[in-house]
Amino acid sequence: GDYLEVGDTLELFWGRYAVWVWNFALLAYVIGTLWSYTTVLAESALIGIPLAGMTGYHQCDPFAKPPLMPDRCDDGLRVYVLIFVLLLLVLVMRDWRIMPTLQKIFTTLMYVILTVIVVTCIIGMHTHPYCPEEVPRDVCDLAAAATNATAPYTVKLPAADGKHFATLFGYGIFAMICHTGST
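None of these values were measured; they are calculated from a predicted model.

(A) Region of interest: the overall build of the protein chain. Secondary structure assignment for the protein chain yields six helices and zero strands. Going from N to C terminus, the protein chain has its helices and strands arranged as α-α-α-α-α-α. Going through the 183 residues of the protein chain one by one, you find that 15% of them count as buried. Surface exposure of the protein chain reaches about 14,700 Å², of which carbon and sulfur atoms provide 70%.

(B) Inspection of helix α2 (residues 16–48) at higher detail. For α2, which comprises 33 residues, the first-to-last C-alpha distance of 48 Å matches the rise-based estimate of 48 Å (1.5 Å per residue) to within 8%. All buried positions along α2 are accounted for by A18, V19, T33, S36, T38, A42, A45, L46 and I47.

(C) Region of interest: the pattern of salt bridges. Counted according to the given criterion, the structure contains two salt bridges. In this structure, the salt-bridge partner of R16 is E11, at a minimum N-O distance of 3.1 Å. R78 is paired through a salt bridge with D75; the nearest N and O atoms lie 3.2 Å apart. Highlighted residues: R78 and D75, both in helix α3 (residues 71–93), separated by three residues, approximately one helical turn. For R78, a relative accessible area of 56% puts it in the exposed group.

(D) Quick look at the packing of aromatic side chains. In this structure the tally under the stated criterion is one aromatic pair. Ring centres of Y17 and W20 lie 5.1 Å apart, and the angle between their planes is 85°; this geometry places the pair in the edge-to-face category. Taken together, the positions of Y17 and W20, both in helix α2 and three residues apart, correspond to about one turn of that helix.

(E) View of the environment of L82. For L82, the location among the structural elements is in helix α3. For L82, a relative accessible area of 52% translates into the label exposed. The spatial distance from the C-alpha of L82 to the C-alpha of A42 is 8.8 Å, given a sequence separation of 40 residues.

(F) Structural detail: the environment of L88. Among the structural elements, L88 can be located in helix α3. Given the relative accessible area of 21%, L88 is considered partly exposed. In sequence terms L88 and W35 are 53 residues apart; their C-alpha atoms lie 9.8 Å from each other. With residues near it in sequence (within four places) discarded, L88 still touches L34 and T38.

Rules and cut-offs
Residues numbered from 1 in each chain as written. Predicted model: local features only at pLDDT ≥ 70, side-chain atom pairs only at ≥ 80, totals over all residues. Heavy atoms only, no water. Helix = DSSP H or I, 4+ residues; strand = E, 2+ residues; numbered from the N terminus. Buried < 20%, exposed > 50% of the residue type's maximum accessible area, 1.4 Å probe, protein only. Areas by Shrake-Rupley, 256 points an atom, 1.4 Å probe, with all protein chains shown as cover. Expected span 1.5 Å × (residues − 1). Salt bridge = Lys/Arg side-chain N within 4 Å of Asp/Glu carboxyl O. Phe/Tyr/Trp six-rings, centres within 6.5 Å; stacked < 30°, edge-to-face > 60°. Contact = heavy atoms within 4.5 Å.

Below you can see the structure in the form of structure tokens.
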């Protein structure tokens, strides 16, 4: 063709060993990205989608403090990892001509999910005051009644708060690395 791939350019300027290093780095990046997506999806599915005879709804929660992971949850996590690995293999082995269609489907799903999130947050702000998970719901309802709180139940926050920048920085770097097409 009339263009050079990265490997061609590396071989031209730095030799065949540079191409091997590039290919290894690219393979490690792709495998790492696919693995990170697989584990996040499997852990999320483990929380909300019960496996018949293995796990129940919200019986397993690796994100809880401390993690709620009985022995059967480890098996459930393995099943979900296997399901997502098989799904990724099917997607990777497919003909690349279907990618525009998949991108349209995934973009539509992203907007639908974002809309559901925003709508449920708005409904939640107008029905119940915010209640951290570790506080029983009735305690929060009594506190709201005692302070004559009215809907929408919101809290005034500063426009910028640097206290949690270190935590946000890590998530931001992860998002940029795992979502290179959107940055």
